Amino acid sequence: MSRVPIIIGSERSEAGLAEGARLLSSGATALDAVEAALRRCEDNLEDHFIGTGGLPNARGEVELDASLMVGSTRAFAAVGAIKGYANPISVARAVLENLSQHCLLVGEGAELFAEEHGFERSELLTDTARELFVAALAPSKQSVEGENTPALPGDDLYRTSARELVRRLVPHDGPWGTVNVIALDEAGEMVVGVSTSGYPWKYPGRVGDSAIAGAGNYCDLRYGGAACTGRGELSMRVLGARSVVDRLAKGEDPTAACQEMLREAATLPDIFRSELRTLCLTADGRHGAAAGQSGATYNVIRGDSLELEVLPRALI
Ligand code: GLY
């Protein structure tokens, strides 16, 4: 049965959502639409929370996480803490299609896999992102190697500075930049995709919820799909996306399902608390989203209108 396709996304998915919707309306699969939408977001240099131009870890290196989950099979593939590849969502797709015995590759292994599958290395740290990093590190007692007179030699100085930065990390100000995209195609397949550069100035090797099935991404075609942005550690502790889909399975309204998951996450102690947000799409095309701050929005494009609707997220 052919149905009207729909694609939804988090804040700043606009950079790619129209392309995903255009593909869906011309009969493309949800997988193609989600990948294409997120690639455009990853290539958007103005966005400092995803792909090229993303904010680096505490050592000044851009490490990316991305995942895909397919609703009909619950196949999941992700890469975590991958460096030097501009489109981690496409590397995740290659894992999905060529390495189905595994769900998650991280670090060097993910980079080896990307190289073996023909992805080209590129520099992900833009001048603007580096300037933001140096400005964040500047208040540290030590300084960034090469930026000021070193008090410690070489890499030791750098590591000391970076560790100090991680120790004094305060909750991130304002919405986080991870991008979620969920598509339902005309054949009725649903795919959830998530891509991020993660927690700014994170400890090297930190992998967030965006690469973890059930935490930042979950999709079960019987009920729907959900994804999260914001403090990934909270989402991992409550299995946020899976928890939203479990609520859909019980027949809850999509908006209420999102609100209840966030309310549960808000009960957890977390001195580094920053906001967690979530959105979901049901297998019959209903959607909802929630946030802890007013003014938060999400994006929807239906395949029959191709018009971008920016809708308010419900408050918890
Ligand atoms: N939700 C994105 C992250 O925590 O990395």
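Read on for a plain summary of the structure. Note on numbering: residues in each chain are counted from 1, in written sequence order. Where totals are concerned, whole chains, interfaces and linings use all residues; where local detail is concerned, this predicted model gives features only for residues with pLDDT of at least 70, and gives and counts side-chain atom pairs only at 80 or more. In computing side-chain values, all of the structure's heavy atoms are included and hydrogens and water are not.

Some words on the overall build of the protein
Then, in step 1: Counting from the N terminus, the helices are the DSSP runs of H or I reaching at least four residues and the strands are the DSSP runs of E reaching at least two. Broken down by element type, the protein carries nine helices and 13 strands.
Then, in step 2: Looking at the protein residue by residue over its 316 residues, the buried ones come to 57%.
Then, in step 3: Contacts are assigned to residue pairs with any non-hydrogen atoms lying within 4.5 Å of each other. Taking contacts inside the protein between residues at least 6 apart in sequence as the whole, the part at least 24 apart equals 67%.
Then, in step 4: Using a 1.4 Å probe, accessible areas were evaluated by the Shrake-Rupley method; residue-level cover was limited to the displayed protein chains. As presented, the protein carries roughly 12800 Å² of accessible surface, and 51% of it is formed by carbon and sulfur atoms. For the exposure calls, accessible area comes from a 1.4 Å probe over protein chains only, and a residue counts as buried if that area is under 20% of its type's maximum, exposed if over 50%, partly exposed in between.

Here's the deal with the site of the ligand
Then, in step 1: A molecule or strand has a residue near it when one of that residue's heavy atoms lies within 4 Å. The local shell around the ligand holds nine residues, among which Thr178, Arg206, Asp209, Gly230 and Gly232 are the closest.
Then, in step 2: Side-chain polar atom of aspartate 209 to a nitrogen atom of the ligand: 2.6 Å apart, as the coordinates give it.
Then, in step 3: When the free accessible area of the ligand is taken as 200 Å², the share hidden by the protein chains comes to 100%.
Then, in step 4: Using only the protein atoms, space was sampled on a 1 Å grid; points where a 1.4 Å probe fits but cannot get out form cavities, open sets with protein on both sides within 12 Å along at least five of seven lines form pockets, and lining residues are those with an atom within 4 Å of a point. Think of it this way: if more than half of a molecule's atoms are within 2 Å of a pocket's grid points, that molecule is in the pocket or cavity. In a pocket analysis with a 2 Å cut-off to the grid points, the ligand is assigned to the largest cavity.
Then, in step 5: Side-chain classes follow a simple rule in which Ala, Val, Leu, Ile, Met, Phe, Trp, Tyr, Cys and Pro form the nonpolar group, Asp, Glu, Lys and Arg form the charged group, and the remainder, Gly included, forms the polar group. Each residue belonging to the shell around the ligand can be placed in one class, and the counts come to two nonpolar, five polar and two charged. Pairs of N or O atoms are called polar contacts if they sit within 3.5 Å, as long as, within protein, a hydrogen donor faces a hydrogen acceptor (for residues adjacent in sequence, only side-chain-to-side-chain pairs).

Observations concerning unusual backbone geometry
Then, in step 1: Despite not being glycine, arginine 12 has its phi angle at roughly 70°, a positive value.
Then, in step 2: You can see arginine 12 is positioned in the loop between strand 1 (6-9) and helix 1 (14-25).
Then, in step 3: For arginine 12, a relative accessible area of 26% gives the class partly exposed.
Then, in step 4: The phi dihedral of arginine 74 falls on the positive side, at around 55°, and the residue is not glycine.
Then, in step 5: Here arginine 74 lies in the loop between strand 2 (64-70) and strand 3 (75-82).
Then, in step 6: According to the relative accessible area criterion, arginine 74 is partly exposed, its value standing at 39%.

Re the pattern of salt bridges
Then, in step 1: Salt bridges are identified by distance alone: a Lys or Arg side-chain nitrogen within 4 Å of an Asp or Glu carboxyl oxygen. Tallied over the entire structure, the rule returns 20 salt bridges.
Then, in step 2: The partner of aspartate 304 in a salt bridge is arginine 302, and the shortest N-O contact between them spans 3.0 Å.
Then, in step 3: Classification of arginine 302 by relative accessible area gives partly exposed; the value is 35%.
Then, in step 4: Counted as one network, the salt bridges with shared partners bring together Glu11, Glu275, Arg277 and Arg313.

Section: the packing of helix 2 (residues 30-42) against helix 3 (residues 88-98)
To characterise two packed helices, one gives the angle between the axes of the helices and the distance between these axes.
Then, in step 1: To obtain each axis, a line is fitted to C-alpha atoms, and for helices this fit is confined to the stretch in contact; angles are then taken between N-to-C directions over 0 to 180 degrees. Two elements in contact, helix 2 and helix 3, have axes whose closest approach is 8 Å; the angle formed by their N-to-C orientations is 150°. Considering the angle they form, helix 2 stands roughly antiparallel to helix 3. Every residue of helix 3 that contacts helix 2 at Leu31, Asp32, Glu35, Leu38, Arg39 and Glu42 is listed here: Pro88, Ile89, Ser90, Arg93, Leu96 and Glu97.
Then, in step 2: Within the contact of helix 2 with helix 3, the residues separate by chemical class into five nonpolar, one polar and six charged. Here is the rule for angles: anything less than 35 degrees is roughly parallel, anything more than 145 is roughly antiparallel, 65 through 115 is roughly perpendicular, and the remaining ranges are oblique.

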